[in-house]
Amino acid sequence: MNTFTSIKQLGDLKKALEAAKYVTANPFADKALGQDKTALLVFFNNSLRTRLSTQKAALNLGMNVMVLDVNQGAWKLETQRGVIMDGDKSEHLLEAIPVMGCYADIIGVRSFARFESREDDYNEVILNQFIKYSGKPVFSMEAAIRHPLQTFADLITIEQYRKKERPKVVMTWAPHPKALPQAVPNSFAEGMSMTDFDFVIANPEGYDLAPEFTKGIRVTHNQDEALEGADFVYAKNWASYEHYGEVLSKDRSWTVTKEKMALTNNAFFLHCLPVRRNMIVSDEVIESPQSLVIPEAANRVVSAQTVIKMLLQDL
Ligand code: CP
């Protein structure tokens, strides 16, 4: 593997979950693999979990780690080719990326959807420039339309907690005051399509995800019906794909409350975090014994370490 931008690049999910299990049990077994190798983690957007868990994963593999916050301390970057650079942007991405490539053995990139152009976001213009011009293996730390390291952690968590071969997993939209990207739900749907779980997406009208991510998946606009008998409830907000980037609803009847969870099969609750309490999920649900948000976040180290290990093995 020499890039990691989609959960599908893991190939055989069963083998990838076995690899993750090994990393969980033996976090320091591969320290020699990363010795004298450098991971550069480039952030165009804020992060808590990805920033810390990816650093921890690389350190566990014996790597040196450098973190660059592009918007805090680096030159302001122009990303469009052909622009006359007479404004406030001092450096072009087309020089900055190969320079970064000179300093690193692998590069992680976080670059969210900008909601300026659906086409640009869905073509992953920033991430793909890193892949094209850095000359180094690139992995996504959440890009415009996918967050595969999160999805892998979600799959690892479900694997650890599921009590049946084929659990019912419901991903439900929940309200949020701001427009959020579709990267997490797109990626989660992609991950679920690699399993044979009973997977349902519940969202209000106008919030259907891009057809490329929902092909063959049951989508309903009735949250209560979807939650019936669920073994796992994955809550997430996303902005509209159809009316791209718009917030069409803040309907709090979609908040995941204990009344909603009572419809389920005593389901486990999942969320990638950060989460807005009492918008997405009630205090009671996120604090309940069924909430897996902390083990899920802990598994971000396992997810990143398993993926970086695969990248290092193929250097
Ligand atoms: N879930 C996740 O990616 O968290 P951060 O945005 O804090 O990295």
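Quick caveat, the model's predicted, so the values are computed rather than measured. (Residues numbered from 1 in each chain as written. Predicted model: local features only at pLDDT ≥ 70, side-chain atom pairs only at ≥ 80, totals over all residues. Heavy atoms only, no water.)

**Points about helix α7 (residues 183-192)**
- With 10 of 10 residues buried, α7 lies mostly within the body of the structure.
- On the buried face of α7, the contacting elements are α4 (118-122), α6 (148-161), β8 (168-173), β9 (198-202), α8 (211-214) and β11 (232-236). (Buried < 20%, exposed > 50% of the residue type's maximum accessible area, 1.4 Å probe, protein only. Helix = DSSP H or I, 4+ residues; strand = E, 2+ residues; numbered from the N terminus. Contact = heavy atoms within 4.5 Å.)

**Topic: the domain arrangement of the protein**
- Assigned domains of the protein: these are domain 1 (3-146 + 300-313) and domain 2 (150-296).
- Between domain 1 and domain 2, the C-alpha centre-to-centre distance is 25 Å.
- At the junction of the two partners, domain 1 supplies 27 residues and domain 2 supplies 31 residues.
- Between domain 1 and domain 2 the total buried area reaches about 2,500 Å² when both faces are included, carbon and sulfur atoms providing 67% of it. (Domains from an automatic or database assignment. Buried area = accessible area lost by both parts, 1.4 Å probe.)

**Describing the sheet that holds strand β6 (residues 106-110)**
- The parallel open sheet is built from 5 strands, whose spatial order is β1-β7-β6-β2-β3. If you trace the sheet from one side to the other, it starts and ends with β1 (3-4) and β3 (64-69), each paired once.
- As paired strands, β6 and strand β7 (residues 138-140) are joined by 3 bridges and run parallel to one another. Its bridge partner being in β7, Val109 is matched across the sheet by Ser140.
- Docked against the sheet, helix α3 (residues 93-103) engages β2 (38-43), β3 and β6, running at close to 150° with respect to β2. (Pairing = 2+ DSSP bridges. Axes fitted to C-alpha atoms, helices over the stretch in contact; angles between N-to-C directions.)

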